[in-house]
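Survey of secondary and tertiary structure
This is what each chain is made of:
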Amino acid sequence: MNLFKLQDDHMDVSVESTPADTERPMSDVEETTPLAVTDYEAIANKIMPDLSYEIEDFQYSTWQINGWRNLEKRMTGPEFDAGGWKWRILLFPFGNNNVEAVSIYLDFADPKGAPAGWHSCVQFALVLWNPEDPTHYVHHHAHHRFTAEESDWGFTRFYDLRKLFTPSENRPRPLIENDTTNITAFVRVLKDPTGVLWHNFIKYFTSFLSIFRTLIHKYSLLLWPSIFLALCLTSSYSYDSKKETGYVGLKNQGATCYMNSLLQSLYCTTYFRKAVYAIPTEEDEPIRSASLALQRVFYQLQTSNTPVGTTELTKAFGWDSDESFQQHDVQEFNRVLQDKLEGKMKDTKADGAMTKLFVGKMKSYIKCVNVDYESSRVEDYYGSMNTYINDVTHIQLNVKGCKTLHDSFKDYVQEETLEGDNKYMAEEYGLQDAKKGVIFESFPPVLHLQLKRFEYDVQRDAMIKINDRHEFPMEIDLEEFLSPEADRSKPPRYLLHGVLVHSGDLYGGHYFALIKPEKDGKWLKFDDDRVTPVTDKEVLEANYGGEIPNSSPLPAIRPGGRNHKRFTNAYMLVYIRESDADEILSPVLPEEIPEHLRRVVTAETFRNHQGFDLANFDDRQYPLSDVPHFKVLKSDTYGTFKEMVAKKFELPVEQTRFWVLVNRQNKTVRPDAPISENCVNSTMEEIHSKMAARQNELKLYLEVSDKPSTTKTWFHPNEGNTHIMVFLKYFDPDTQSLEGLHFLYIHKFTKVGEIIPLLCEKRDLPPNTPLKIYEEIKPGMIEEMKPKSTLHQSEIQDGDIICFQKALTDKEIQDHQAAGRIYGIPQFYDHLSMRIVVQFKPNPKPKDREQKQKDPEPKPEFELVLNRKMGYDAVANQVAAHLNADPMKLLFTTANLPSGTPKNVIKRNTTQTLSDMLQASYLPSAQLYYEMLDISIVELETKRFFKVNWLGTTVKDEEIVDVRLPKTSVVDDILEAILQKVSLSTPNSKIRLYEVVNHKISKEYTGTESVERISEFSTLYAEEIPKEELESNANDKIVQVFHFTKEPVRLHGIPFKFVIKNGEGFSEAKVRLQERLGMNEKDFAKVKIAIVPGTTYSKPQYVEDEVILSDISWNNEDCLGLDRVDKTGRAGRVGGAEKAIYIRG
């Protein structure tokens, strides 16, 4: 047997029938205390920490093992009961996976007999001990969610084999004495409070496991990190969020978790959702209207069974693909989104909704101590940030120095004493001692409390994340923070509704939301595309911050070590006033949704559909069908709806009938039953509930009758009818296409061979044309029908699909094969299953993003339906045809999973397929980047291409120089090529090339380096070497100058070299700096100049005019820093190029 270990959500995961391993170092588990193993209850409590979960059952079982040296390689102990299930010890006495240690696991005894979906959450300990002296033992403990697929768990390196038979680790006796030892399993079966305790959310592919085990066997554990990546990519979620919680998640576009967490919080605040629905958007386009796009996201969250995408929403925001990979602050996004929506709501029936929900009043005051004088003003505030938007204040609460949320409020309203040199100038009274503070006049129904987890650290002179423990309650009373004059008709008692959590540090991390959507409901965790139940403890204790106790199960921490700091903690809290909770969280009524989308499949839809079923509604692996949508209110009657559709298609209303489309168990969508004419006065909501209650969206098929079925009716009766409604598809190998031929009503006892004339008539074929007839059962199951069987015997029912084609001769088959055409229906359906929708995006190389001039002709993003088996040249031809370009001048780049950023250039290879190009052929959809070149890719393979930023004589002047050279070139060749394209200040000027990383010079090239050593994504600058630098002497010093805003981690701008002249005053050096920067007097006066030590977190030393820079002791890594405002808006909170967030749509 072989094993591997996978870490997911802090839980160890094993694979079916493969013992899993916690890989704890053996030296950490020796136990020398005198407590005997036979004191079972006491020893269990000693070696197994309290995980704070309810214990359903506790059992222990001891296995006495004799003749150890003669044991088989794999042994199982006697079975024992715990929690109503059979367990046993699994032993590899001489080690599993060739390790020099005994391997021991706890094994669920009957995984094949377990009920579907069975699991058991177990905390256990395994103890190996000397039967003659039970105070001599070693142990390990763990916890695991046992399933039929993950039925064993334990320790591969349980204990060193060499130490088993001799006294060691201060023990006078060996663990195995007289070839005999005992192994005891202590098992606590725990109650699963959420149904997903320790769930790993991954379903493994059995076929992959065999490959994985072979690799492990061959390469041991050295390859496990890379194999772990492959495993993650070839797995699929076995967890259904909608089924388990009633909610679905939002897909992460790359770094949009901050947006997803806030959107879920706002969506679950149903009053807010209703306000968004109330914005008039009937005439808007989704990709241009943020309001409409948000409405559509909210509606899909209500109706979809699968995670909802947000691409349309971010496009409506005006964001390009780069923005999807730029993480922003959730508090800033909340402010910008609310401001945008408030503007959209003005002068509509939603006007005032944002104020009603989120705005309160606060009084700022200064009150004199010794005289009767007070100055105050009352202003509106959002329960948000400490800035001003639309003249409304946003508040933030301190975490540092505050143990609880109550402490933070006390800190916020704490009075400041104005005295001594800081006395207050009061009108008519002069300077007076005074108290300055704020007090709340009112609180809004919904509080978005921003916790200051990111602060400026004076000692480090940098921004840091505050991970201190900060407790917040499920309920809080804010009575004491209201002014005496405040209106108390609604008591300020608040219920916790949501916790937005940040996991990580200043330089990156992940956001998720914990929300209680219903007042008396359960807490749920919204983590991008997954929604899971959570306990109160997971909401509170796990997100207070601070240190993790050793015994904490969140995550699995090795016992005995020091406490660890939590980097996962609450960042924003959502509280709802108790008296308003019923209104704020009231369900969305049908009439409060602008208009529901109803989809109707018509004969035209079916005729043009190239794929499975009657149409493709949602599966983006294949082209989506153009299904007509009709907007109707749920309260509209069926009769009204029929008249609307009949008018749309210019049909007599009496000749139309609708069939409800349902999802069958085999994953197909077929007509189930017609809507009775007796329902003309029923509402669409009633029809939905009665005929498609399990469907989130009502899908219909429109049947049109061109002649009456009987003298009394246009349609065949459905109940008690002996006829079956069968849909027909015809495959034409000449055109390589399917054609939907509408449907037929056929008697169920008709033989398949007897319908051939009817099929021929439908396709205008001669009556006795030989046909091949198949039933389209489901994707991957296309079965030929037997001519002598009846439709009833063939199990054909209403809505089934029959496919047929002309029977071909051997010669016709050979001709089709020779021409590369598919000749039969089964083969054509196989071909359809290989289709994939590929999204093509222009390659946004980093060096292109920094250009001042935007591409005058931006390259488009587009999708093509391609075949996975298609070769490289065929793919290039398809893309070239779409772009009207030369296929040999297209360069493709793979997308980096899961972020979607550009990864590796794809070299042209005539043998590789599209699946090879995508490097993940199992994905339902895929993405490639393209670049349009001005040379062929054949020539490109022999050359290197560089974009060099040319600076000239000042840092201000910048242009892009394109350089293309053979791969055998050196950097001097790049410089020579630049000289051919730029003008120098003097004929004898020299130039140089340097590389910039994060706005600092990382390397200056000498000229002899091979161009092959320069990364494709390097940011390169070239400039004239200043005359003063060429003429500098040994007493001068050349230093790097870079730009920053407030702290040296917030870098921006173009770095450069500068000469510190020996003995020169700083005021003279500033003149040269100003000239080098190309700045005017006014702008340069705003620049603060500092010496920035090269050591991490060192404080900049700001320079005064009287300083002589050359007299300072400079280290090699010290730089000059220019503290100035970044007018490009790129300087980020986290030392990188972070753009300010915006919403334009």
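Model, not experiment: these values are computed from the prediction. (Residues numbered from 1 in each chain as written. Predicted model: local features only at pLDDT ≥ 70, side-chain atom pairs only at ≥ 80, totals over all residues. Heavy atoms only, no water.)

**Observations concerning the overall build of the chain**
The line we're drawing: The secondary structure listing takes helices from DSSP runs of H or I that are at least 4 residues long and strands from runs of E that are at least 2 residues long, numbered from the N terminus. Here's how the labels work: a residue is buried when its accessible area is under 20% of the maximum for its type, exposed when over 50%, partly exposed in between, all with a 1.4 Å probe on protein chains only. Contacts are assigned to residue pairs with any non-hydrogen atoms lying within 4.5 Å of each other. Throughout, the Shrake-Rupley method with a 1.4 Å probe supplies accessible areas, and for residues the shown protein chains are the sole cover considered.
Within the chain, the regular secondary structure consists of 27 helices and 57 strands. Buried positions account for 52% of the 1145 residues belonging to the chain. Here the analysis covers contacts within the chain between residues at least 6 apart in sequence; of these, 67% occur between residues at least 24 apart. For the chain, the exposed area adds up to about 53,800 Å²; of that, 47% sits on carbon and sulfur atoms.

**Some remarks on the packing of helix α6 (residues 270-277) against helix α7 (residues 290-303)**
Here is the rule we go by: Geometry is summarised by axes, namely lines fitted to C-alpha atoms with helices restricted to the contacting stretch, and by angles between N-to-C directions that run from 0 to 180 degrees. An angle counts as roughly parallel when it lies under 35 degrees, as roughly antiparallel when it exceeds 145, as roughly perpendicular when it falls between 65 and 115, and as oblique in every other case. Each crossing gets its handedness from the near helix: less than a right angle anticlockwise from the far helix is left-handed, clockwise is right-handed. Each residue is assigned to one class: nonpolar for Ala, Val, Leu, Ile, Met, Phe, Trp, Tyr, Cys and Pro, charged for Asp, Glu, Lys and Arg, and polar for all the others, Gly among them.
Interhelical geometry of α6 versus α7 gives an angle of 130 degrees and a closest axis separation of 9 Å. Taken together, the axes of α6 and α7 are oblique relative to one another. Of the two possible hands of crossing, α6 and α7 adopt the one that is left-handed. Counting all contacts with α6, which are made through F272, R273, V276 and Y277, the residues of α7 involved are S291, L294, Q295, F298, Y299 and Q302. Its residues assigned to classes, the contact of α6 with α7 shows 6 nonpolar, 3 polar and 1 charged.

**Focus: helix α15 (residues 638-649)**
For an α-helix the count is 3.6 residues per turn, leaving residues at separations of three or four pointing the same way. So the rule is basically this: The length a helix should cover is 1.5 Å for every residue beyond the first. Directions drawn from the helix axis to the C-beta atoms are what define this arc.
Here α15 spans 17 Å end to end across 12 residues, near enough to the 16 Å set by a 1.5 Å rise per residue. Taken together, the buried positions of α15 are occupied by Y638, G639, F641, K642, V645 and A646. In a view along the axis of α15, the buried residues occupy a sector of 160 degrees, so they form one face of it. Residues of α15 that are exposed and point over 90 degrees away from its buried face: E643, K647 and K648. E650 sits one or two residues past α15 and shows a positive phi near 55 degrees.

**Quick look at the confidence of the model for the chain**
Just so we agree on the cut-off: You can read pLDDT as the predictor saying how much it trusts each residue, on a scale of 0 to 100.
For the chain, per-residue confidence averages 80 on the pLDDT scale, and 82% of positions sit at 70 or higher. For the stretch residues 384-393, pLDDT sits under 50, and the model shows 37 contacts to residues farther than four places along the chain or on other chains. Every residue in residues 1129-1138 is under pLDDT 50, and counting partners more than four places away or in other chains gives 37 contacts.

**Quick word on the pattern of salt bridges**
In plain terms, the rule: Put simply, a salt bridge is a Lys or Arg side-chain nitrogen that is within 4 Å of an Asp or Glu carboxyl oxygen.
This model, assessed by the stated rule, comprises 42 salt bridges. The salt bridge involving K423 is made with D433; its shortest N-O contact spans 3.9 Å. Here the residue K423 occupies a position in the loop between β18 (416-418) and β19 (424-426), and D433 occupies one in the loop between β20 (430-432) and β21 (434-442), the gap between them amounting to 10 residues. Classification of K423 as partly exposed rests on a relative accessible area of 37%. With relative accessibility at 23%, the residue D433 sits in the partly exposed group. Taking the shortest distance from any N to any O, the salt bridge between R763 and E739 comes out at 3.4 Å. Of this pair, R763 sits in the loop between α17 (756-762) and β40 (771-778) while E739 sits in strand β39 (residues 737-747); the two residues are 24 residues apart in sequence, bridging distant segments of the chain. For R763, a relative accessible area of 22% corresponds to the partly exposed category.

**Describing the nonpolar core**
Nonpolar side chains tend toward joint burial in soluble globular proteins. To be explicit about the condition: Among buried residues, the Ala, Val, Leu, Ile, Met, Phe, Trp, Tyr and Cys ones that are joined through side-chain atoms within 4.5 Å form a nonpolar core.
Formed by 63 residues in total, the largest nonpolar core has its most connected members in F272, F298, F317, F333 and M345. The dominant element in this core, judged by the number of residues it contributes, is helix α5 (residues 257-268), at 8 residues. One finds M362, V399, I466 and L540 within the second-largest nonpolar core, a separate group that totals 36 residues.

**As for the sheet that holds strand β42 (residues 801-806)**
Defined as follows: Paired strands are those between which DSSP finds at least two bridges.
Within the open sheet, the 5 strands sit side by side as β39-β38-β42-β40-β41. Their pairing is mixed. The sheet terminates laterally at β39 and β41 (781-784), the two strands that pair on one side only. Pairwise comparison of adjacent strand axes, ignoring direction, gives a mean angle of 30 degrees for this sheet. The pairing of strand β38 (residues 723-732) with β39 spans 9 bridges and is antiparallel. Pairing of M725 across the sheet is with Y745, part of β39.

**A few points about the sheet that holds strand β52 (residues 1019-1024)**
What the 5 strands build is an open sheet, ordered β49-β48-β52-β50-β51; its pairing is mixed. Of all strands in the sheet, those bounded by a partner on one side alone are β49 (959-966) and β51 (1000-1004). Between one strand axis and the next, the sheet turns through 40 degrees on average, direction left out of account. Where strand β48 (residues 943-950) meets β49, 8 bridges bridge the pair, whose relative direction is antiparallel. For F945, the partnering residue across the bridge sits in β49 and is R964. Packed on one face of the sheet, helix α24 (residues 971-979) meets β48, β49, β50 (991-997) and β52 and runs near 110 degrees to β50.

**Quick look at helix α16 (residues 684-691)**
Among the residues making up α16, those that are buried are M684, I687 and H688. The arc that holds every buried residue of α16, seen down its axis, measures 100 degrees, which confines them to one face.

**A few points about the packing of aromatic side chains**
Put simply, the test is: In this analysis, rings of Phe, Tyr and Trp, with Trp reduced to its six-membered ring, are considered paired at centre separations within 6.5 Å, and the interplanar angle assigns stacked below 30 degrees, edge-to-face beyond 60, and tilted for intermediate values. Sitting over a ring, as applied to charges here, requires NZ of Lys or CZ of Arg to be within 6 Å of the ring centre and within 35 degrees of the ring normal.
One pass over the structure, following the stated rule, counts 49 aromatic pairs. Ring centres 6.1 Å apart and planes at 50 degrees place the aromatic pair F58 and Y60 in the tilted group. Note on W85 and F108: the rings are 6.2 Å apart at their centroids and 75 degrees apart in plane angle, and the pair reads as edge-to-face. Here the residue W85 occupies a position in strand β7 (residues 85-92), and F108 occupies one in strand β8 (residues 101-108), the gap between them amounting to 23 residues. On the basis of relative accessible area, W85 is assigned to the partly exposed category, the value being 30%. Judged by its relative accessible area of 2%, F108 is buried. Joined through ring pairs, the aromatic side chains of W85, W87, F108, W118, F124, F146, F155 and F158 make up one cluster. Residue placement shows R69 over the ring face of F165; its charged tip is 4.1 Å from the ring centre. Note that K1088 overlies the ring of Y1102, its terminal NZ or CZ placed 5.2 Å from the centroid.

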